Amino acid sequence: MGSQGGFYQSKEFLDLVKSIGEARSKAEEDRIVLGEIDTLKRRISEPDIPKRKMKEYIIRLVYVEMLGHDASFGYIHAVKMTHDDSLLVKRTGYLAVTLFLNEDHDLIILIVNTIQKDLKSDNYLVVCAALNAVCKLINEETIPAVLPQVVELLAHPKEAVRKKAIMALHRFYQKSPSSVSHLVSNFRKRLCDNDPGVMGATLCPLFDLITIDVNSYKDLVISFVSILKQVAERRLPKAYDYHQMPAPFIQIKLLKILALLGSGDKQASENMYTVVGDIFRKCDSSSNIGNAVLYECICCVSSIYPNPKLLESAADAISRFLKSDSHNLRYMGIDALGRLIKISPEIAEQHQLAVIDCLEDPDDTLKRKTFELLYKMTKSTNVEVIVDRMIDYTISINDNHYKTEIASRCVELAEQFAPSNQWFIQTMNKVFEHAGDLVNIKVAHNLMRLIAEGFGEDDDTADSQLRSSAVDSYLHILGEPKLPSVFLQVICWVLGEYGTADGKYSASFITGKLCDVAEAYSNDETVKAYAVTALMKIYAFEIAAGRKVDMLPECQSLMEEFLASHSTDLQQRAYELQAVIGLDAHAVESIMPSDASCEDIEVDKALSFLNGYIQDSIEKGAQPYIPESERSGMLNISKFRNQDHHEASSHGLRFEAYELPKQTVQSRIPPASLASTELVPVPEPMYVSESYPTTTVSSASSDAGSTELKLRLDGVQKKWGRQTHSPATSTSSTTSQKTVNGITQVDGSNTSNSRTRETYESRKQQVEITPEKQKLAASLFGGSSKTEKKPATGHKISKSSSYMVEKSHVPKSSMEIASEKKAPIQQPPDLLDFGEPTVQSNAPSVDPFKELEGLLEPTTEVAAAKNHSSTAAATKSPDIMGLYTETPAGIHNKDDGDILSGLSNPPGTHMLGGTTRTQVAQSSKGPNLKDSLQKDALVRQMGVTPSSPNPILFKDLLG
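Residues numbered from 1 in each chain as written. Predicted model: local features only at pLDDT ≥ 70, side-chain atom pairs only at ≥ 80, totals over all residues. Heavy atoms only, no water.

Along its length, the chain carries 45 helices and four strands. Expressed as a percentage of its 959 residues, the buried residues of the chain come to 43%. Roughly 52,800 Å² of accessible area belongs to the chain as shown, and the carbon and sulfur atoms make up 52% of that amount. (Helix = DSSP H or I, 4+ residues; strand = E, 2+ residues; numbered from the N terminus. Buried < 20%, exposed > 50% of the residue type's maximum accessible area, 1.4 Å probe, protein only. Areas by Shrake-Rupley, 256 points an atom, 1.4 Å probe, with all protein chains shown as cover.)

The next thing to look at is the environment of Lys403. With respect to the helices and strands, Lys403 occurs in helix H23 (residues 400-417). Taking the relative accessible area as the measure of exposure, Lys403 reaches 12% and is therefore buried. Separated by ten residues in the primary sequence, Lys403 and Tyr393 place their C-alpha atoms 8.7 Å from one another. Excluding its chain neighbours within four sequence positions, the residues that come into contact with Lys403 are Thr394, Ile397, His434, Ala435 and Leu438. (Contact = heavy atoms within 4.5 Å.)

Close contact between helix H3 (residues 51-66) and helix H5 (residues 87-100) brings their axes to 10 Å; oriented N to C, the two are set at 20 degrees. As judged from the angle between their axes, H3 and H5 are roughly parallel. The handedness of the crossing between H3 and H5 is left-handed. Two secondary-structure elements touch here, H3 through Lys51, Lys55, Ile58, Ile59, Leu61, Val62 and Glu65 and H5 through Leu88, Val89, Thr92, Ala96, Leu99 and Phe100. Broken down by class, the residue content of the contact of H3 with H5 amounts to nine nonpolar, one polar and three charged. (Axes fitted to C-alpha atoms, helices over the stretch in contact; angles between N-to-C directions. Parallel < 35°, antiparallel > 145°, perpendicular 65-115°, else oblique. Left-handed = near helix turned anticlockwise from the far one by under 90°. Nonpolar A, V, L, I, M, F, W, Y, C, P; charged D, E, K, R; others polar.)

Turning next to the confidence of the model for the chain. Residues of the chain with pLDDT of at least 70 account for 65%, and the chain-wide mean is 74. Counting contacts from residues 666-710, a segment whose pLDDT is below 50, to residues more than four positions away or on other chains yields 117 contacts. This model gives residues 776-846 a pLDDT under 50, and the stretch forms 141 contacts once residues within four places in sequence are excluded. (pLDDT = per-residue confidence, 0-100.)

Here the focus is a nonpolar patch on the surface. Together, Leu607, Phe609, Leu610, Tyr613, Ile614 and Ile618 make up an exposed nonpolar region whose accessible area comes to about 590 Å². Among the secondary structure elements, Ile618 is positioned in helix H33 (residues 611-619). (Patch = residues over 30% accessible without salt bridge, like charges linked within 9 Å, V, L, I, M, F, W, Y side chains within 5 Å. Salt bridge = Lys/Arg side-chain N within 4 Å of Asp/Glu carboxyl O.)

On to the pattern of salt bridges, then. Counted under the stated rule, the structure contains 31 salt bridges. Residue Asp335 is joined to Arg339 by a salt bridge in which the shortest nitrogen-to-oxygen separation is 3.3 Å. Placement of the pair is Asp335 and Arg339 together in helix H18 (residues 327-340), with a separation of four residues, close to one helical turn. Measuring nitrogen to oxygen at the nearest pair gives 3.2 Å for the salt bridge that ties Lys369 to Asp335.

Our focus in this paragraph is the packing of aromatic side chains. Under the defined criterion, the tally for this structure stands at nine aromatic pairs. Judged by centre distance (5.8 Å) and plane angle (50 degrees), the ring pair of Tyr242 and Phe249 falls under tilted. Each residue in the set Phe371, Tyr393 and Tyr402 is aromatic and connected to the rest through ring pairs, giving one cluster. A cation over a ring is seen here: Lys253 above Phe207, with NZ or CZ 4.8 Å from the ring centre. (Phe/Tyr/Trp six-rings, centres within 6.5 Å; stacked < 30°, edge-to-face > 60°. Lys NZ or Arg CZ within 6 Å of the ring centre and 35° of its normal.)

This part is about the environment of Thr526. Positionally, Thr526 belongs in helix H29 (residues 525-544). For Thr526 and Leu488, which are 38 residues apart along the polypeptide, the C-alpha to C-alpha distance reads 9.5 Å.

For Asp48, which is not glycine, the phi dihedral falls at a positive 55 degrees. Mapping Asp48 onto the fold places it in the loop between helix H2 (26-44) and H3.

For the rest of this paragraph, the subject is the nonpolar core. Formed by 204 residues in total, the largest nonpolar core has its most connected members in Leu101, Ile115, Phe172, Phe224 and Tyr474. Top contributing element to this core by residue count: H29, with eleven residues. Setting aside residues no more than four positions away along its own chain, Tyr474 makes contact with Ile425, Asn429, Leu447, Ile451, Phe487, Val490, Ile491 and Val494. (Core = buried A, V, L, I, M, F, W, Y, C linked by side-chain atoms within 4.5 Å.)

Taking 1.5 Å of rise per residue, the 14 residues of helix H7 (residues 124-137) would be expected to cover 20 Å, and the 20 Å separating its terminal C-alpha atoms lies within 8% of that figure. The buried fraction of H7 is high, at ten of 14 residues. In this fold, the buried residues of H7 make contact with H5, helix H6 (109-119), helix H8 (143-152) and helix H9 (159-175). Its side-chain oxygen placed 3.0 Å from the backbone nitrogen of Leu125, Asn123 serves as the N-cap of H7. (Expected span 1.5 Å × (residues − 1). Polar contact = N/O pair within 3.5 Å; in protein donor to acceptor, adjacent residues only side chain to side chain.)

A few words now on a negative patch on the surface. Residues Asp516, Glu519, Glu554 and Glu561 make up a contiguous surface patch of negative charge. Looking at the negative patch, the elements with two or more residues in it are helix H28 (507-520) and helix H30 (553-563). (Lys, Arg positive; Asp, Glu negative; His and termini not counted. Charge placed at Lys NZ, Arg CZ, Asp CG, Glu CD.)

A few words on the state of the cysteines. The full count for this structure, using the stated rule, is zero disulfides. The thiol of Cys299 is not disulfide-bonded; the next cysteine sulfur, from Cys300, is found 8.8 Å away. On the basis of relative accessible area, Cys299 is assigned to the buried category, the value being 8%. (Disulfide = S-S within 2.5 Å.)

The terminal C-alpha atoms of H29 lie 29 Å apart, and with 20 residues this matches the ideal 28 Å at 1.5 Å per residue to within 8%. Counting buried positions along H29 yields 16 of 20 residues, so the element is predominantly enclosed. Positive phi appears at Gly546, one or two residues downstream of H29, with a value of about 85 degrees.

Further remarks concern the side chain of Lys90. Examined against the element boundaries, Lys90 turns out to sit in helix H5. Judged by its relative accessible area of 5%, Lys90 falls in the buried class. Here the side chain of Lys90 touches Asp84 through a polar contact of 3.2 Å, landing on its backbone oxygen. Residues contacting Lys90, with those up to four places away along its chain left out, are Met81, Thr82, His83, Asp84, Thr114, Asp118 and Val126.

Mapped onto the fold, Ala545 is located in the loop between H29 and H30. Judged by its relative accessible area of 47%, Ala545 is partly exposed. A sequence separation of 44 residues divides Ala545 from Glu589, and the C-alpha atoms of the two residues are 8.6 Å apart.

This is the structure:
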């Protein structure tokens, strides 16, 4: 750090670096850095900091980040420095930003605009700084923002800019190949650039492209060979030489590309032979870079179509590597030899002594590379020596990862080149013993299968000798203090299958050994399970042979322990053993045949052994089985599966647009309703819904009518609450009747109220719930009781639909009336709670609105209701909102609330005959009921159309 020019740093910064370098512990270093962080936080937030000072602060922040501490508080200041006009400050800002931020950082968006501007700068140094930042900070999402400018820079007059533009495009290709797939031709063009630096930079993206698709670039073989020849002949400027080698890194990259293009292609390889041979002759092996070029030539020769002269040159180079005293060169020679023996195996025989020396070298890395070479050189004549050396090396190392790799290679070589089965079993025993549980469980299964199958020939004597030797070796190995779990599983299986096969060992001796294994490894559930199964096999073979089974005491105690084990697997095996011991010889021989582990198990998928049982059952009256595809009138299970699959898939993210909101029907007010009046219609609070057509329910087909009366939920907001399904509300009657404005009439023309209902329905669709409306509704529902029943249907029915549906009258019993009178007074229900109450009976509910409607019945209709009270039920009157259906809007009266409160019906009030008016008059409180009814009558009289059959006269009501 000099003290001249723009690189000047303050003494404070130099002291910081010196103190950190002299720190004796990590704790002391952290203390110094934390103090520096506090200082920078305080100073970097000061106003009007000179650019030179800010540049130093940013460099000190970089130093803090390099030591592993957080300097995120200064990131924004580094971003601001990239906007500066000063070249030194801008380049310092770009350097800091590329070190501080990653491509997914939130501050990247603040730099993209600056990069775009700097890429168009006239100063090529600014452009180079921006291209450096592009390679580091631009992610897949921001590539399109800078891609056009980078492509334009491929034709920049400065070679440094063109080189960095190629590097930026290569970075884009690595991040998002599809974003630059249309620009691949630019790499081909830049390969012919006049500047060697640009040409060398182009080799990197071309190498990646050729690795993916070799055939598309076969036409470039001649170009690559020509470039390599020019480089080897030193036609490039001296500036590209390194240790007197002409552009060695360009040579190495070209050799890698030629190795890909010439692999398996004789015609392309023939064009490479001459230039590769020239490099072999001209390379200087006295320097490391020369040896690197030679090694790459050997790799190229081993990849392209073989050529005898080139193979000989490669063998000479390998010989020089192996005879060197440098471990690095010997390592490189072993690796190169491993590549060549695939083509010419006899080359390895020329260097046997050198390979043995490397195998005994104390350098562990060189020794491992030599074992890789031996693995490639193995054949049936040398497999025993190589595998033994590998096992010995496995014993001497503690690295479990590499020990696993060596063990797997030993197993692979033993399985592929084993001279005899006895040697294979002994080798596997060594591998299991020393590699332990690092060996794959499949190796154990293969070993058990080999012992069971034998030599695969008809020589039973050789197979029995193999199994006998395996039993002897395993009984000897059981004396070891600690054995791997996988190896113990193999031992238990072999002892169970063949422990007593040749009669050399008694059943009591083998079972005692197995019990010892289960007790010694009591923490291993798998080993104990194998031991129990082996015991069951031995006892089964003894029973099948007709010999008496005497279970040892230790075996009996072990079984008792397993019968009460927490492991269900051990319990099942113990119970199976207990059951097998109690069977006769014939049954045991059928279920546990001797030496049948390799026999194929035939599975009868049709379950033909049950045919007799099925036939007997059918003869006794059982129904025959009907395949699922032939069933009619039954649900198909596949539909449920498809539905479940559809529901599961519908739970993911959905990207389709929302549906357009449905337009509400505008209410039309008749001209007659524009007359002045003192009352304002009070709409009933409800959600926007579709209007429902009027449904007529006849007495002859009440059930059919109930099925037609279904609530349509299209576009209706779903309510919360418990859903219940109740029986239909329609009841049969001898005559068809309907309710119009609270009056029970015989079925006739209903045209008098059709327009009123349409206006009422359309107006209810436009209603929105407001607090005032909720309060009003609560006052209206204040007298209702929870014991009152709603119409019992399978769906929720709105008041408007119940208003339009024709009901049959059913007389109320005295018990129902008494229960209604005894209903306790409860708090007003929550208007927003639309949950269905629990239905206890099918009695029709009493609507308070319809009770209020009964107040306005004409005298003649009240008398008629009295005369027919013995045969007609209490009539459900329509919603009180029907009173104000055609009342003009916009006219308010301060007595509205009083009128409605005066019309409220107390709980327990029933509209039975003419007593309704008296009961309401006695129980109502507030303003004068007579005045309220007079005002209501005026509205009622104005709302009656000329075609109304029974106009309501308020003089009849008020006397």
